[in-house]
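# Summary of structural features
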Amino acid sequence: MSDSQPPQPSPSPRGGRGGDGGHGPAPATADTATLLLTGARLTDGRTVDVRLGGGRIQAVGTPGSLPAPTPGRVDLTGFLLLPAPAEPHAHGDTALTADGEGPVSHTADEVQRRSTEAALLQLGHGATAIRSHVRIADVHGLGPMEAVLQARRSLRGLADLTAVAVPRLLTGVAGADGLAMLRDAVKMGAAVVGGCPDLDPDPAGFVEAVLEIAAEHGCPVDLHTDGDDPGRLARLASMAGGLRPGVTIGPCGGLSRLPLDVASRAADQLGAAGVRVTCLPQGDCAALERRGLRTAPVRLLRAAGVRVAAGSGALRDAGNPVGRGDPLEAAYLLASQGGLRAAEAYDAVSTAAREAMGLPEVRVEAGFPAELLAVRGERLAGVLSLAYSRIVIHRGRVVARTSAVREYCDSAVAVALDLPRQGRMEPGP
């Protein structure tokens with residue numbers, strides 16, 4: 001099951017349909033209006049017009065070759081057109097809490113507000129699909145999950161938000177409540193089963209419980225782990241191998257602290273089992289309850305055949321008080337510090353991220369979903385360096401725009417280089 005294609009929902013623990021009526025985002029009606037994108041540059045250097053309709057790319061042609069609908073036309077001259085990023089690892093329930101005074105509020109209204117605002121911030125950066133990890137089974141019970149599912153409903157047509165149920169404990173007497181709430185969360189509408197086995201007294205038992213519930217409901221699995229215990233990773237790979245629709249783990253920064261031969265062996269085991277890894281180049285994730293972790297060894301994992309996606313993790317919460325939630329920044333960091341080429345880095349936040357979330361592939365070709373991001377620039381490397389102005393397209397319509405204007409004061413060099421200059425000020429009194 002993907003984040004976006006739900007099975008038939010099970011009855012909710014309250015006797016009716018769950019708070020979200022099933023798993024994953026319910027399909028929204030695609031915008032039937034036709035939209036023509038003109039003068040867009042592609043990563044292969046071509047300049048094209050692109051016609052969108054019914055939530056998909058209808059045609060790609062040379063400039064001026066496609067009929068122009070009225071008034072559905074967007075001039076993308078000077079913009080690079082890309083498949084839209086997706087956010088595979090967000091924490092909307094705790095986002096935007098770093099600057100607050102006193103304890104973080106977990107009332108339904110506050111969690112819904114934070115989740116909605118965080119999703120809109122990430123949408124503005126370009127992420128049209130967001131997977132949010134939501135803590136359950138502590139003193140707040142299923143309240144945060146209900147709030148995030150409500151945020152998901154309010155965002156329909158703007159972005160696809162899905163929820164991962166994240167219990168703290170699942171084994172022993174202390175884990176009985178967590179196990180029951182995890183099952184209830186899935187029935188309510190959580191699309192993915194998650195958690196952090198590192199925090200459970202019996203990590204292997206935690207993973208076994210998660211895999212069992214995922215198999216019962218046909219859910220994907222997305223687990224938090226530092227990845228610093230090779231034996232634990234080997235057991236996880238052995239248990240997860242062959243599970244469909246698949247297992248993702250992350251952020252796995254602990255792999256970078258292991259000896260190279262040990263880390264390579266663990267990567268080989270994950271690759272052979274088909275376990276995906278979501279790394280967090282921008283910083284920590286509060287779910288692991290520790291700070292200062294390194295980014296996963298992306299090149300080593302890729303060499304072992306592990307499919308690696310990149311997420312944002314914390315968005316201005318205790319895990320990263322200055323987290324931006326920007327997938328292009330994650331790609332920039334993979335290219336500048338992780339040793340990946342620009343195209344490989346962008347793949348981690350777009351194609352690989354969508355794949356980890358079970359979403360269909362996007363290419364700027366006829367027939368593919370109209371999930372697109374236009375960024376001012378000519379080449380991908382430049383876009384990752386200076387990604388200021390952006391136009392975000394979801395299901396065939398523009399859902400967000402960010403425009404940046406830079407001007408220089410009058411000077412000889414500004415005139416000589418034909419730089420944009422500030423408007424002249426009216427003389428004062």
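Residues numbered from 1 in each chain as written. Predicted model: local features only at pLDDT ≥ 70, side-chain atom pairs only at ≥ 80, totals over all residues. Heavy atoms only, no water.

### As for the overall build of the chain
Spelled out, the test is: Only runs of H or I of at least four residues qualify as helices and only runs of E of at least two qualify as strands under DSSP, and these elements are numbered from the N terminus. The classification of residues rests on relative accessible area computed with a 1.4 Å probe and restricted to protein chains. Under 20% of the type maximum is buried, over 50% is exposed, and intermediate values are partly exposed. Between two residues, a contact is recorded if the distance between any of their heavy atoms is within 4.5 Å. Throughout, the Shrake-Rupley method with a 1.4 Å probe supplies accessible areas, and for residues the shown protein chains are the sole cover considered.
Counting secondary structure elements, the chain contains twelve helices and 16 strands. The buried share of the chain, taken over its 429 residues, is 54%. Taking contacts inside the chain between residues at least 6 apart in sequence as the whole, the part at least 24 apart equals 73%. As displayed, the chain offers around 18100 Å² of accessible surface, 51% of which is attributable to carbon and sulfur atoms.

### What to know about the sheet that holds strand β6 (residues 87-90)
Condition: By this definition, two strands are paired if DSSP reports at least two bridges between them. Whenever a helix is involved, its axis is fitted only over the stretch in contact; in every case the axis is a line through C-alpha atoms, and angles between N-to-C directions fall within 0 to 180 degrees.
The strand order across the open sheet built from eight strands is β6-β7-β8-β9-β10-β11-β12-β13, with neighbouring strands paired in parallel fashion. Every interior strand has two partners, whereas the edge strands, β6 and β13 (308-310), have only one. On average, adjacent strands in this sheet sit at an angle of 25° to one another, irrespective of strand direction. Bridge analysis of strand β7 (residues 129-136) against strand β8 (residues 160-167) gives eight bridges, and the strand direction is parallel. Paired with R131 across the two strands is T162, which belongs to β8.

### Observations concerning helix α5 (residues 230-240)
To keep things clear, this is the line we draw: The directions considered for the arc are those from the helix axis to the C-beta atoms. A 3.5 Å cut-off defines polar contacts: any pair of N or O atoms within that distance qualifies, except that in protein one atom must be a possible hydrogen donor and the other a possible acceptor, and neighbouring residues in sequence count only when both atoms are side-chain atoms.
Within α5, the full set of buried residues consists of L233, L236, A237 and A240. Relative to the axis of α5, the buried residues are bounded by an arc of 100° and lie together on one face. Against the buried residues of α5 lie α4 (203-217), β10 (221-225), β11 (247-251) and α6 (260-273). Where α5 begins, the capping side chain belongs to D229, and its oxygen is found 3.1 Å from the backbone nitrogen of G231. Among the residues trailing α5, G242 stands out with phi positive, at a value near 90°.

### Some words on the packing of helix α1 (residues 108-125) against helix α2 (residues 143-154)
The line we're drawing: Oblique is the label for any angle not under 35 degrees, not over 145, and not in the 65 to 115 range, which are roughly parallel, roughly antiparallel and roughly perpendicular in turn. Each crossing gets its hand from how the near helix is turned against the far one by less than a right angle, where anticlockwise is left-handed and clockwise is right-handed.
Direction vectors running N to C along α1 and α2 enclose 45°, while the axes themselves pass 8 Å from each other. Between α1 and α2, the interaxial angle falls into the category oblique. The chirality of how α1 crosses α2 is right-handed. Along its contact with α1, which presents A108, V111, Q112, S115 and T116, the element α2 presents P144, A147, V148, Q150, A151 and S154.

### Some points on α1
Every α-helical turn comprises 3.6 residues, leaving residues that sit three or four positions apart pointing alike. Put simply, the rule is: A helix's residues, less one, multiplied by 1.5 Å, set its expected span.
Along its 18 residues, α1 runs 26 Å from first to last C-alpha, staying within 8% of the 26 Å computed at 1.5 Å per residue. Residue G126 follows α1 closely and has a positive phi angle near 130°.

### Focus: the packing of α5 against α6
We apply this condition: Under this grouping Gly is polar, as are all residues other than the nonpolar Ala, Val, Leu, Ile, Met, Phe, Trp, Tyr, Cys and Pro and the charged Asp, Glu, Lys and Arg.
One way to put it is that α5 packs onto α6 with a least axis distance of 9 Å and a crossing angle of 10°. The orientation of α5 with respect to α6, classified from their angle, is roughly parallel. On α6, the residues touching P230, L233, A234 and A237 of α5 are V262, A266, Q269, L270 and A273. For the contact of α5 with α6, the per-class residue count stands at eight nonpolar, one polar and no charged.

### Let's talk about the side chain of E87
Short version of the rule: The convention is simple: Lys and Arg are positive, Asp and Glu are negative, and His and the chain ends are not counted. Definition used for salt bridges: Asp or Glu carboxyl oxygen within 4 Å of a side-chain nitrogen of Lys or Arg.
Take E87: it is sitting in strand β6. It is R131 that comes nearest to the buried, bridge-free E87 among opposite-charge side chains, at 9.2 Å. Here the side chain of E87 touches H89 through a polar contact of 2.8 Å, landing on its backbone nitrogen. Setting aside anything within four residues of it in sequence, one finds E87 in contact with Q122, A127, A129, I130, R131, G311, S312, G313 and M357.

### Side note on the pairing of β10
Along β10, five of the five residues are buried, which leaves the element largely enclosed by surrounding structure. Side chains of β10 alternate between two faces, with V221, L223 and T225 and D222 and H224 buried alike. Summarising the sheet, strand β9 (residues 192-195) and β10 pair through three bridges and their orientation is parallel. Across the sheet, G194 pairs through a bridge with D222, a residue of β10. In this structure, β10 lies alongside β11, joined through five bridges in parallel fashion.

### Considering the state of the cysteines
Basically, it comes down to this: When two cysteine sulfur atoms are found within 2.5 Å, that pair is recorded as a disulfide.
If you walk through the whole model with that rule in mind, you get zero disulfides. In this structure C252 is a free cysteine whose sulfur lies 9.2 Å from that of C279, the closest cysteine sulfur available. Under the relative-accessibility criterion, C252 is labelled buried at 0%.

### Side note on the pattern of salt bridges
Opposite charge on two side chains allows them to pair when their charged atoms are near. The tally for this structure, following the rule as stated, stands at 23 salt bridges. In this structure, the salt-bridge partner of E329 is R324, at a minimum N-O distance of 3.4 Å. On the accessibility criterion, E329 (21% relative accessible area) is partly exposed. A salt bridge links E365 to R363, with the nearest nitrogen and oxygen atoms 3.8 Å apart. A relative accessible area of 36% places E365 in the partly exposed class. A residue is classified by how much of its surface remains accessible, and R363, at 36% relative accessible area, is partly exposed. Overlapping salt bridges, with partners in common, bring together E110, R113, R114 and E117 in one network.

This is a description of form; function is not addressed.
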